[in-house]
Amino acid sequence: MSEESAEEPAQGRRVFLNHLDSYCGRSIGEYLSTCVVGASLESIEDEEEEEEDNSAAEVSSRSKEGVYQIVGTLSKPESSKPSFAEEIYAVSSREELLSHLLECEIVLYNITEDTNQIEEAMWAASALHMEIEHFTRQKLFILISTIMSWAKSKPPDPEDPEVAFTDEDYRRRKAHPNFTDHINAEKLILKLGKARGWLSEPPAIPIFGDGNNFIPTIHILDLAAVLQNVADHRPKSHYILAVDASIHTLQELVKCISKNVGSGRTEKIPTEDAFLSKDLTQMHLDMLLVNLRMESGLVKESFNIKWVAQEGLVENIEQIVKEYKQSRGLLSLKIFVHGPPGVGKSTIAEQLCKHYKLHHIKSKDVISEAIANLEEIVAPKELATDNVGEEGEGDDGEEEEQGENVEEAQELLDAVKENMEQNAGQLDDEYVTKFMKNKLKSMPCRNQGYVLDGFPETYEQANDLFNFESEDEQGAKSKIPKYDTLITPEFVISLTASDEFLINRIINLPESIVAGTHYTQDQFLKVLNVFRELNTDDKTVLNYFDEIEIHPQFIDVDKLEDPENRFIVKEIIKEIGEPRNYGLTDEEKEELERQAAEECLVKEAQEKAEQERKEAEERAERMANWEEWNKHLEEVKRQEQELLEAQSVPLRNYLMRNVMPMLMQGINECCRIRPDDPVDFLAEYLFKNSPDI
């Protein structure tokens, strides 16, 4: 800050505080509203002198531009706005609340008075964390919690109960059972801000041709420094070579890159086959196949350059890899999956590895790999002659280095085999930890990351595996375990389940899966009991991660009822986030497009079949309704006919009894006389002779 700007009054900071109408909210808000921003940075003596010199009226009349501006919410909507508050938010949705939080530089949530605010505070912190890339300036999130999150903590020194807890002891705190939500909120706030992983499954890096061609290089910042010198010095020479002092071949460069960023493997590809590569353009290939030894005399003699990588890429590979990862957001992703036997750790770990393309680390595989590597080192050189020509002439130094380690490897191999014989095929923690640490420090695990499957199992194993190999005296005395961030996992997933659930799951496993494992009934119960014993003590492997502020995410497998682990993996991915990656290769894109096309065809076929099924059902339904309607119509006609017949019986009886005898007589008489008008004659006859007319 310049001196002029330092004399200007401090700009007020907007502070969000939940429930301003509560006792704590009102007290905190009222106090902060009178505080000048940055006043606590002054010494107490200066403040006392200032208070003596200034009257109370002068202090109260300070410009509000330099004080904290309090905004927030109310616990009761009908409450009136506090006098100290700049603004009150009556939010109707979380999207609206988030927009208000983003306007504040400090967000303060108090969860001691209202437990319903715990969930909102956790959401607010997570939502703000999702928007962190869009912040124009740093924000501060403060959570006010309760000492009940310490209620079940054991004394720091059991032998001296008067020893008080200190700030460093919070990593060992144990919450009261009724306040687990509070400590979970605390852990979430501490946990936010973790980095994400990078997606890559590095193959062997190709070396085109014999790899003995020399390629000039220069760091981009060194090139910028050269341009700066050109602008300042205005040299007479119109042509300047801007290269570093290195003289490296393509093979040296590729091997160095593969060792520090890739899998460490390289493969030689004939020059004529190089043009078949889909990943490189013609220009890229021309640059890789160039063969030039270059030296920049003017840059070295006349320019004043503070070199970043004067000796070239190989000598400065660590710094260059670091810059490369930072510029592309490629950060390793390290996960530890913890849980009882039979809970599905390995299956879930495999699915996470597939999603993030990480390395699946199992102690059994690591031990087998380490022993195989030791046996390969101590094996006679004749057995390895077939592989000499693959890497070219540059392997002589590596072979000499390996030859120097043969005795050490032989000694370690003998010790390992002897230990396994003494322990019925099992290895002591000393060797397992050594092999696991070496694996985690390997370049693939350091660059891409890993998923640790079930190991470490105890606090001691975790401390030995992740701590620094040599700690100073100050670190040894510290209450906080000193751990190596290079290999320590960022995310700890603890899968939980009841014994009954685990036993039922094992019982229902196919015999082919159970055979040859510890999942037989007797062995499984023993292994399960051992796990429960190791995870009921005060110093468990999860306590270790709590102490170093890598708080586990607990997932109850029993409650999810997810045999295929889809919901569990989805929940874990939601917690970890999507990886930062290079993007898909052309082959992966083609495969995804092919799968999408197949899925589209299958979906269309299913939709067509479903449409035909619905039409067939509708036709069948219409035919059934038509037949039902015809049956109903016939029934109605039959009933009407029966009704008509029933109603006609009395009339028919009446006619037969009273009308038909006289009518028959009239007809007979008409036939006898044969009048000119038979109808008129019959009518007259009926009128004359009918007694009722």
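This structure is a prediction, so every number in the text was calculated from the model and none was measured.

Participant: I'm lost on the confidence of the model for the protein in this one. Help?
Facilitator: Reading predicted coordinates in detail is not appropriate for stretches of low pLDDT. Overall, the predicted model of the protein reaches an average pLDDT of 79, with 83% of residues at or above 70. Confidence, read as mean pLDDT per element, is least for helix 1 (residues 3-7) in the protein (37) and greatest for strand 2 (residues 69-72) (92). The low-confidence segment residues 1-11, where pLDDT is below 50, has eight contacts with residues more than four positions distant or belonging to other chains. Across residues 382-394, confidence stays below pLDDT 50; counting only partners more than four residues off in sequence or on other chains, it has 12 contacts.

Participant: Any chance you could explain unusual backbone geometry here in plain terms?
Facilitator: Across the chain, the bulk of peptide bonds are trans and the bulk of non-glycine residues have phi less than zero. A cis amide bond, omega 10 degrees, links F455 with the succeeding residue P456. Following the sequence through the fold, P456 ends up in the loop between strand 11 (449-453) and helix 20 (459-466). In this model, H19 sits at a positive phi of 55 degrees, which is unusual for a non-glycine residue. Along the chain, the position of H19 falls in the loop between strand 1 (14-17) and helix 2 (23-32). Here the phi dihedral of R674 falls at roughly 60 degrees; this positive angle occurs in a residue that is not glycine. Here R674 lies in the loop between helix 28 (586-673) and helix 29 (678-689).

Participant: Looking at this structure, I do not really get the pattern of salt bridges. What am I missing?
Facilitator: Two side chains carrying opposite charge are able to pair once their charged atoms lie near each other. Tallied over the entire structure, the rule returns 17 salt bridges. Notably, a salt bridge pairs K300 with E295, separated by 3.0 Å at the nearest N-O pair. A salt bridge links E369 to K439, with the nearest nitrogen and oxygen atoms 3.2 Å apart. One end of the pair, E369, is in helix 15 (residues 363-378); the other, K439, is in helix 18 (residues 429-440), with 70 residues separating them in the sequence. According to the relative accessible area criterion, E369 is partly exposed, its value standing at 36%. With relative accessibility at 23%, the residue K439 sits in the partly exposed group. In this structure, a network of salt bridges that share partners links the residues E591, R594 and E598.

Participant: Even after reading the chapter, I still don't get helix 18, so can you show me in this structure?
Facilitator: For helix 18, with 12 residues, the first-to-last C-alpha span of 16 Å sits near the 16 Å given by 1.5 Å per residue. Buried residues of helix 18: Y431, V432, T433, F435, M436, K437 and L440, and no others. Turning to helix 18, the residues buried within the fold contact strand 10 (359-361), helix 15, helix 17 (406-422), helix 19 (443-447), strand 11 and helix 20.

Participant: Before we go on, may I ask you to explain the packing of helix 14 (residues 345-356) against helix 27 (residues 566-576) in this structure?
Facilitator: Think of two packed helices as two axes; the pair is described by the angle between the axes and how far apart they sit. Remark: helix 14 packs on helix 27, axes separated minimally by 10 Å, with the N-to-C direction vectors making an angle of 50 degrees. Taken together, the axes of helix 14 and helix 27 are oblique relative to one another. Of the two possible hands of crossing, helix 14 and helix 27 adopt the one that is right-handed. Packed against helix 14, whose contacting residues are I348, Q351, L352, H355 and Y356, the element helix 27 presents I568, V569, I572, I573 and I576 at the interface. Class assignment of the residues belonging to the contact of helix 14 with helix 27 gives a composition of eight nonpolar, two polar and no charged.

Participant: Honestly, the side chain of N110 in this entry has me stumped. Any pointers?
Facilitator: Positionally, N110 belongs in strand 4 (residues 106-110). Its relative accessible area of 6% is what places N110 among the buried residues. In this structure the side chain of N110 is engaged in a polar contact, spanning 3.3 Å, whose partner is the side chain of E113. Excluding anything up to four places from it in sequence, N110 contacts N18, C24, Q117 and I144.

Participant: Looking at this structure, how should I read the sheet that holds strand 12 (residues 491-496)?
Facilitator: Backbone-to-backbone hydrogen bonds pair the strands of a sheet. The strands run either parallel or antiparallel. The strand order across the open sheet built from five strands is 10-11-9-12-13, with neighbouring strands paired in parallel fashion. For this open sheet the edge positions go to strand 10 and strand 13 (553-556), each flanked by a neighbour on one side alone. The mean angle between the axes of side-by-side strands here comes to 20 degrees, regardless of whether they run parallel or antiparallel. Pairing analysis gives three bridges linking strand 10 to strand 11, with the strands arranged parallel. Bridging across to strand 11, I361 finds its partner in L452. Relative to the sheet, helix 27 contacts strand 9 (333-338), strand 12 and strand 13, its axis offset from that of strand 13 by approximately 165 degrees.

Participant: Help me understand the packing of helix 6 (residues 116-130) against helix 7 (residues 180-191), please; the structure alone is not making it clear to me.
Facilitator: Their axes nearest at 10 Å, the elements helix 6 and helix 7 cross at an angle of 10 degrees. Here helix 6 is positioned roughly parallel relative to helix 7, judged by the angle of their axes. For the pair helix 6 and helix 7, contact is made by I118, M122, A125 and S126 and by D181, H182, N184, A185, L188 and I189, respectively. Each residue belonging to the contact of helix 6 with helix 7 can be placed in one class, and the counts come to six nonpolar, three polar and one charged.

Participant: Looking at this model, I keep getting lost on the nonpolar core. Mind explaining?
Facilitator: If you look at the biggest cluster of nonpolar residues, it comprises 33 residues, and the most contacted ones within it are I361, F435, M436, L440, L452, F466 and F545. Looking at this core, the elements that each hand over two or more residues are helix 15, helix 17, helix 18, strand 11, helix 20 and helix 25 (541-547). Not counting residues within four places of it along the chain, the set of residues in contact with F545 comprises F336, F466, P489, V492, I550 and H551. Residues L333, V451, F491 and L528 belong to the second largest nonpolar core, which totals 26 residues.

Participant: So what exactly am I meant to see when it comes to empty space enclosed by the protein here?
Facilitator: Any empty space left between atoms is shown by rolling a water-sized probe over those atoms. Under the defined criterion, the tally for this structure stands at three cavities of 30 Å³ or more. What the largest cavity holds in volume is close to 40 Å³. As for the largest cavity, its lining consists of N18, H19, S22, N110, E113, D114 and Q117. Partitioning the lining of the largest cavity into residue classes produces no nonpolar, five polar and two charged.

Participant: Sorry, what's going on with the packing of aromatic side chains here?
Facilitator: Any pair of aromatic rings gets described here by the distance separating the centres and the angle formed by the planes. This structure, assessed with the given rule, holds 10 aromatic pairs. Look at F466 and F545: their rings are 5.9 Å apart centre to centre, the planes differ by 55 degrees, and that puts the pair in the tilted class. Remark: F545 occurs in helix 25 and F466 occurs in helix 20; sequence separation between them is 79 residues. Judged by relative accessible area, F466 falls into the buried class, the value being 0%. Accessibility expressed as a relative area gives 0% for F545, which makes it buried. The rings of F336, Y459, F466, Y544 and F545 are connected pair by pair, giving a single aromatic cluster. Between the NZ or CZ atom of R293 and the centre of the ring of F214, over which it lies, the distance is 3.9 Å.

Calculation criteria
- Residues numbered from 1 in each chain as written.
- Predicted model: local features only at pLDDT ≥ 70, side-chain atom pairs only at ≥ 80, totals over all residues.
- Heavy atoms only, no water.
- pLDDT = per-residue confidence, 0-100.
- Helix = DSSP H or I, 4+ residues; strand = E, 2+ residues; numbered from the N terminus.
- Contact = heavy atoms within 4.5 Å.
- Salt bridge = Lys/Arg side-chain N within 4 Å of Asp/Glu carboxyl O.
- Buried < 20%, exposed > 50% of the residue type's maximum accessible area, 1.4 Å probe, protein only.
- Expected span 1.5 Å × (residues − 1).
- Axes fitted to C-alpha atoms, helices over the stretch in contact; angles between N-to-C directions.
- Parallel < 35°, antiparallel > 145°, perpendicular 65-115°, else oblique.
- Left-handed = near helix turned anticlockwise from the far one by under 90°.
- Nonpolar A, V, L, I, M, F, W, Y, C, P; charged D, E, K, R; others polar.
- Polar contact = N/O pair within 3.5 Å; in protein donor to acceptor, adjacent residues only side chain to side chain.
- Pairing = 2+ DSSP bridges.
- Core = buried A, V, L, I, M, F, W, Y, C linked by side-chain atoms within 4.5 Å.
- 1 Å grid on protein atoms, 1.4 Å probe; cavity = no way out; pocket = protein on both sides within 12 Å on 5 of 7 lines; lining within 4 Å.
- Points joined across faces, edges and corners; volume = space filled by probe spheres on them.
- Phe/Tyr/Trp six-rings, centres within 6.5 Å; stacked < 30°, edge-to-face > 60°.
- Lys NZ or Arg CZ within 6 Å of the ring centre and 35° of its normal.

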